[in-house]
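Residues per chain, in single letters:
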Number of protein chains: 2
Amino acid sequence: MEFFFHPKAIAVVGATPNPAKGGYAILKNLQNTYRGVIYPVNPRYDQIEGMTCYPSVQAVPGKPDLAVLFISAAQIIATVEECIGKGIPGVIIESGGFSEIGRDGESIQLQLSVLAREKGIRIWGPNCMGIVDAKAGHVFSFTDPRVLSSLLKPGPVSLVVQSGMLSAGFVVDLLSHETSGFNKVCSIGNKADVNECDLLDYLMTDSDTGVIGFYLESITDLRRFIGIYEGHGRSKPVVILKGGKSAAGARAALSHTASLAGNHRILSDVLKQSGILLARDFHQMIDLCRTVEMVKPRAAKPSCNIAVLTFSGASGIVASDFMEEFGLQAADLNESTRTRIEAFFPSWMPAANPVDVWPAMEQHSGKGLDIYALALEAVLQDPGVDACMIHTFAGFTRVRLNLEETARLSRTWEKPVFIWVLGEREKVLSFQIEARKLGIPVYHELYRAVECMASALNRSSTKALAGEDEAATIPSVSPKALKGAEGILNEQESKLILKETGLPTVEEYRVETARECADVARRTGYPVVLKGLEEGRIHKSEAGLISLDIRDEEQLLRSFRELQDRMSPGSPVLLQRHVKGYLEMILGYLRDPQFGPCVMAGLGGIFAETLNDTAFALAPLTLPKAIRLIRSLKNQKLLSGFRGNPPVPVEEIARYLVILGNLGAAFPAIREIDINPLVLSDAGPVVVDATIILEQS
Amino acid sequence: MEFFFHPKAIAVVGATPNPAKGGYAILKNLQNTYRGVIYPVNPRYDQIEGMTCYPSVQAVPGKPDLAVLFISAAQIIATVEECIGKGIPGVIIESGGFSEIGRDGESIQLQLSVLAREKGIRIWGPNCMGIVDAKAGHVFSFTDPRVLSSLLKPGPVSLVVQSGMLSAGFVVDLLSHETSGFNKVCSIGNKADVNECDLLDYLMTDSDTGVIGFYLESITDLRRFIGIYEGHGRSKPVVILKGGKSAAGARAALSHTASLAGNHRILSDVLKQSGILLARDFHQMIDLCRTVEMVKPRAAKPSCNIAVLTFSGASGIVASDFMEEFGLQAADLNESTRTRIEAFFPSWMPAANPVDVWPAMEQHSGKGLDIYALALEAVLQDPGVDACMIHTFAGFTRVRLNLEETARLSRTWEKPVFIWVLGEREKVLSFQIEARKLGIPVYHELYRAVECMASALNRSSTKALAGEDEAATIPSVSPKALKGAEGILNEQESKLILKETGLPTVEEYRVETARECADVARRTGYPVVLKGLEEGRIHKSEAGLISLDIRDEEQLLRSFRELQDRMSPGSPVLLQRHVKGYLEMILGYLRDPQFGPCVMAGLGGIFAETLNDTAFALAPLTLPKAIRLIRSLKNQKLLSGFRGNPPVPVEEIARYLVILGNLGAAFPAIREIDINPLVLSDAGPVVVDATIILEQS
């Protein structure tokens, strides 16, 4: 990939003197910014902008290591083949006319993918805006040559975007608003060959890049993406804004698991579990990037106690509301800290967090006391404080915050400081520039400030996550009952397979006659449950094929007859012990068409439809990852001894998830497994109903 | 209140030539901005800033109609009395030293309240920054005289804030960033007399004010506030940011209703139901204010179908994600609209919403076609489109959006247009200024744009809400069973009272002996429920005093014995028909210490603790308001025929709420009523358990 970022010589195919064309802008940008050799290529011109123009790639005298193409789609294949012939290792195709315009373009793009795969040439694009490298100072893009290059300011944020706008207009907006500097901005377009995985891999070891932000509409290979991130030891933060949450839509789904498995759903769960941050909006993504780049992930300390220094009661109050929303605690200042603060506070004012420094500033006005610094040192030295948020106003001398002193204290006490700043437009701008230079994250909106602070402080340490990557130690099992099975297995068949893998299943008997039914019930003891097993039917409840909580023989026989009336003749009936549980969960497995084997855990029963609280992970997975999956469910209070119930045995259920994942991964014929419900009872978890769906041979 | 806003002459008590003091800044601001007569008052000076200074209010030659005070708290009472003696109708006390510093200050502030009440003088403050009126151009505040007055730009937004920062620094920030213009900015401080109600009342009829934004930490009298807003026909939008959501904290609560009734909870429910918008953050509040001021509430049309015009696929996709989040639909463009659009689209490109105009702009580049205008007219004329959002880039000629044409089309088709703009800093600024002049709401962040658009489009029409204000027609009932009752009533006593008011209660009998119990059960028929009634105990479940779903006499007698064992001797047992329902709800009444009579409806049973889905309203209330209260619960799908159940009879339950509210309002001795659960069964709703808590005499 190095030739894309640091080429020694570039051929510009489709270079032109017409300023309205992309081929002109690419050349002009190179002339303005690139220090290597440039070879314009276009058979129609001898000279462009004072440079010799060559009729073909072949005719170029030297050996460029990169070609940037801006030509019609019809000419693309021949030109790429020419580049291959010339021994050029990489091309960037910036012109459009490919998969984005439909069938015809798609077939050309497919040929590009094949060329890349078979000939080893790397193809970036097509239909993209190439690369902007603010550190190297060069622009390999057809963005307006008058705009971007004059604004370029290097910074640690690298962007990889599947959108031209985000690599051009948006970056101009961000640079001119001084929101962030950038290192590399990569527009990857239609991803015929080079995709987000290649760039993640490259940028994870790029020493100029401190954080990588992605805007993606699709992730070509999620498993590879996660593998690369974890393989690089998660050594720098990655933030992703995923567009098209609703796009995938509902597909025809047989199992509950599959109906929940929207593309975005799996994607976001898996990314989060890997320690990748998800962004909500464009600017917010950049704010998040620069925050997590500045604030290193903390060691294992779980507490997030924040001290707030403010010049206004109101902003202290609203910040506290936001902190609560994001699960951050307002720090309790200890007595010696309070005494320190009260030394410079007005006598009537007790020290409390948020620390309102304004009255002290008024009282000591003109005495040259730096109240912010005194208060900051006081709170940072308090062992009960993990981080500090400062509210200030730029350009009003009476509330002046000394940024250098702030940075020094933050370094000394090794605790991050975040700033929310108001003020006159130009003064806010210069404040922001200075803060960024000093490595202090600063924000203009309070909610954003707290949101980013929470993301930075809650970011798991790399070490903790890496511990979960170790290989699964739970061995795979090959259930005999799986042999020769295909299509939709009924409840009994499904549970037999699960039982062989070691999952606890409900005690049940298949009965054919009323008499047999009554005999079995007498043996198992009441209450019992009857279920009608009709070939190919999954949703028994809706078809009236489940009869619950049967207490005596009379009720049993009536229910048996009713079930028989509702089914085709000869369909068997399943008699189960009625398991009274305190909670129902759903566990599932799914071979997703895009992401492959996945497992899912969620709250079941009535909660399945109301709380909609489920989480997915890629399978196979390790036990710690399965535990974290269950711990990522939102309604943890239901799992931890709700209403006097025992706590859910999370590790045990995590083990089932690992088993489901192993099973599905080992048997590609398994499309879906749905355990619904897994009943949590005082005697332990038990699979009460399940469906396995296999490929039809 | 007129003398506060348009005084003819002002006395400045505490005027001083010392530029470090508030009394100097107030005088200087008046000199710079106020065109009426100014009387500096301070016994220590003869002249200040070239003006004659008077030793006392009494000594002032003319008759000022406003006094602005910046003096120590110790001098305040005497000075206000002097003002009363002089016949001055209003004073603004800007200096501090009152309730914010504790006990001593509080007692002086209390005297101010008494003076106002008894002598009729209106007192604004203390501890506030007074008034800034950008329309009149004057500043009655000790804000830095060099800053604010030079920035003042009039606009339709008036602010009322309980925070000095928000009326000074924040306004400077907003004005210099061109976020919004302002009409009046009122800092109300400690609210010894003049409060948010007075200002709401004044500003609702102030023709220069188009929208009122409040930042409040407390609402002195919510009932009066709502009454004023509704009394003025909700004729202009009101936006409130309430600080201190978590401040009230949990108080000792006996009933479920009371434990849910956090101060912020009731407040926000009641405000929302009245049509007032709640803001989340400071800047967001201003964005919301200027949006709803520009976009008039729509007639009863419930649909919110949005067309998006964009120059980037990515922003179209992300905007669609946000729209889904806020319940807005992407409009389906009809065939003739698509044909219109395809006329200027590249041939390969089908018209779809979001409408990506960039390829058409590229294709027609240099031909002078206004693609935005063509596309905008096409979507606005489509009857399936209710509003349009445009994404654009300021200062890039190829995606130039003609704002005047945009405004014209929006007016012609009477459909609002919202703009998200990116671009270079200065160009975004001038774009924003121009858009605001033309009445088009514009935003720099996409999420904010969609959020504000949704608030504006979902805003209920004034007419629709006004229909709900009519007086309740359900008569109050005086239950005989209430006579002489006090303290915590047991379940049976509570339900007897509710039964008298017309609520359906479960069939139940008080039984004393096992034999009686069995006799009654034989009469009512199984299954039954037994409950132990122990004096003063509310939470029977936790004490094991409820035995559900008893199916036969053997079980009944065992349960009866168990209950007796758990209670003090002689405690009676209640036998009820076991009501099998499809949903449980909670209804409640509460005399809130601050807000007075309130009713509450929510989801009950297991949902009470997991979904936490409840809503409060002030009582007494009208039937339409009670219906809207129930309709404001988040999990409407549970109410409308969930899992094959019948839909919940919302109007019937609303009637119970009205009855509860009437009952509580008529009998101040009632502190709390808790109906938990109201069981919804096929036979209709029935009160299965209830507790009424009365004041102890």
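Rules behind the numbers
Residues numbered from 1 in each chain as written. Chains lettered and ligands numbered in written order. Predicted model: local features only at pLDDT ≥ 70, side-chain atom pairs only at ≥ 80, totals over all residues. Heavy atoms only, no water. Helix = DSSP H or I, 4+ residues; strand = E, 2+ residues; numbered from the N terminus. Buried < 20%, exposed > 50% of the residue type's maximum accessible area, 1.4 Å probe, protein only. Contact = heavy atoms within 4.5 Å. Areas by Shrake-Rupley, 256 points an atom, 1.4 Å probe, with all protein chains shown as cover. Lys, Arg positive; Asp, Glu negative; His and termini not counted. Charge placed at Lys NZ, Arg CZ, Asp CG, Glu CD. Pairing = 2+ DSSP bridges. Axes fitted to C-alpha atoms, helices over the stretch in contact; angles between N-to-C directions. Core = buried A, V, L, I, M, F, W, Y, C linked by side-chain atoms within 4.5 Å. pLDDT = per-residue confidence, 0-100. Buried area = accessible area lost by both parts, 1.4 Å probe. Salt bridge = Lys/Arg side-chain N within 4 Å of Asp/Glu carboxyl O. Nonpolar A, V, L, I, M, F, W, Y, C, P; charged D, E, K, R; others polar. Parallel < 35°, antiparallel > 145°, perpendicular 65-115°, else oblique. Left-handed = near helix turned anticlockwise from the far one by under 90°.

Draft legend 1. Region of the structure containing the overall build of chain A. If you tally the helices and strands in chain A, you get 27 helices and 30 strands. Projected onto its principal axes, the C-alpha positions of chain A cover 95 × 85 × 35 Å. For chain A, the proportion of its 697 residues judged to be buried stands at 60%. Within chain A, contacts between residues separated by at least 24 positions form 72% of all contacts whose residues are at least 6 apart in sequence. With an accessible surface of roughly 26,800 Å², chain A has 50% of that area assigned to carbon and sulfur atoms. Between the centroid of the 71 positive side chains of chain A and the centroid of its 80 negative side chains there is a distance of 2 Å.

Draft legend 2. Representation of the sheet that holds strand β23 (residues 546-550) of chain A in the model. Residue and element names in this part refer to chain A. Spatially, β21-β24-β22-β23 is the arrangement adopted by the four strands of the open sheet, whose pairing is antiparallel. The sheet is open, and its two edges are formed by β21 (508-511) and β23, each paired on a single side. Geometrically, the sheet is characterised by an average inter-axis angle of 20 degrees between neighbouring strands, direction not taken into account. When strand β22 (residues 528-532) meets β23, the two strands line up antiparallel, connected through three bridges. Within β23, the residue paired with Val-528 across the bridge is Ile-550. Docked against the sheet, helix α22 (residues 514-524) engages β21, β22 and β24 (573-577), running at close to 165 degrees with respect to β21. Across the sheet, helix α23 (residues 553-566) touches β21, β22, β23 and β24, and the angle it forms with β22 is around 10 degrees.

Draft legend 3. Up close: the nonpolar core. Ile419(A), Val379(B) and Ile419(B) are the most contacted members of the largest nonpolar core, which totals 193 residues. Beyond its immediate sequence surroundings of up to four residues, Val379(B) is in contact with Ala307(B), Leu309(B), Leu333(B), Thr337(B), Ile341(B), Val355(B), Val385(B) and Cys388(B). Formed by 90 residues, the second largest nonpolar core is a distinct cluster that contains Val599(A), Leu638(B), Leu657(B) and Val658(B).

Draft legend 4. Examining the confidence of the model for chain A more closely. Residue and element names in this part refer to chain A. When pLDDT is averaged across chain A, the result is 91; 96% of the residues are at 70 or more. Predicted confidence for residues 247-253 stays below pLDDT 50, and this span has six contacts to residues more than four positions away or in other chains. ipTM for the predicted complex: 0.92, alongside a pTM of 0.92.

Draft legend 5. Structural view of the pairing of strand β26 (residues 596-603) of chain B. All names here are of chain B. In terms of residue burial, β26 counts as a mostly covered element, since eight of its eight residues are buried. Counting the residues in the hairpin turn of strand β25 (residues 583-592) and β26 gives three residues. Pairing of β26 with strand β27 (residues 614-618), which is carried by five bridges, proceeds in the antiparallel orientation. For Gly-602, the partnering residue across the bridge sits in β27 and is Thr-614.

Draft legend 6. Geometry of the interface of chain A and chain B. Contact with chain A, which involves 68 residues of that partner, is made by 68 residues of chain B. Summing both sides of the interface, chain A and chain B together bury roughly 5,600 Å²; the carbon and sulfur share of this comes to 60%. Counting every contact that joins chain A to chain B gives six salt bridges. A salt bridge links Glu445(A) to Arg448(B), with the shortest nitrogen-to-oxygen separation between them at 2.7 Å. Here the side of chain A that touches chain B is built from residues that sort into 29 nonpolar, 18 polar and 21 charged.

Draft legend 7. Structural detail: the packing of helix α12 (residues 282-294) of chain A against helix α19 (residues 446-458) of chain A. All names here are of chain A. Put simply, α12 and α19 touch, their axes get as near as 9 Å, and they point 45 degrees apart. One finds that α12 runs oblique with respect to α19. When the axes of α12 and α19 are compared, the crossing they make is right-handed. For the pair formed by α12 and α19, the contact residues are His-283, Gln-284, Asp-287, Leu-288, Thr-291 and Val-292 on the first element and Arg-448, Glu-451, Cys-452, Ser-455 and Ala-456 on the second. In terms of residue class, the contact of α12 with α19 is built from four nonpolar, four polar and three charged.

Draft legend 8. Expanded view of the side chain of His264(A). Residue and element names in this part refer to chain A. Tracing the sequence through the fold places His-264 in helix α11 (residues 263-273). Looking at His-264, the relative accessible area reads 18%, which means it is buried. Not counting chain neighbours up to four residues away, the residues in contact with His-264 comprise Lys-242 and Lys-245.

Draft legend 9. Quick look at the pairing of strand β13 (residues 238-242) of chain B. All names here are of chain B. In terms of burial, β13 is largely enclosed, as five of its five residues are buried. With burial as the criterion, each face of β13 is covered, one bearing Val-238, Ile-240 and Lys-242 and the other bearing Val-239 and Leu-241. Here strand β12 (residues 211-216) runs beside β13; their pairing, made up of five bridges, is parallel. The partner of Phe-214 across the bridge, within β13, is Ile-240. Across two bridges, the pairing between β13 and strand β14 (residues 277-278) is parallel. The residue of β14 that forms the bridge with Ile-240 is Leu-278.

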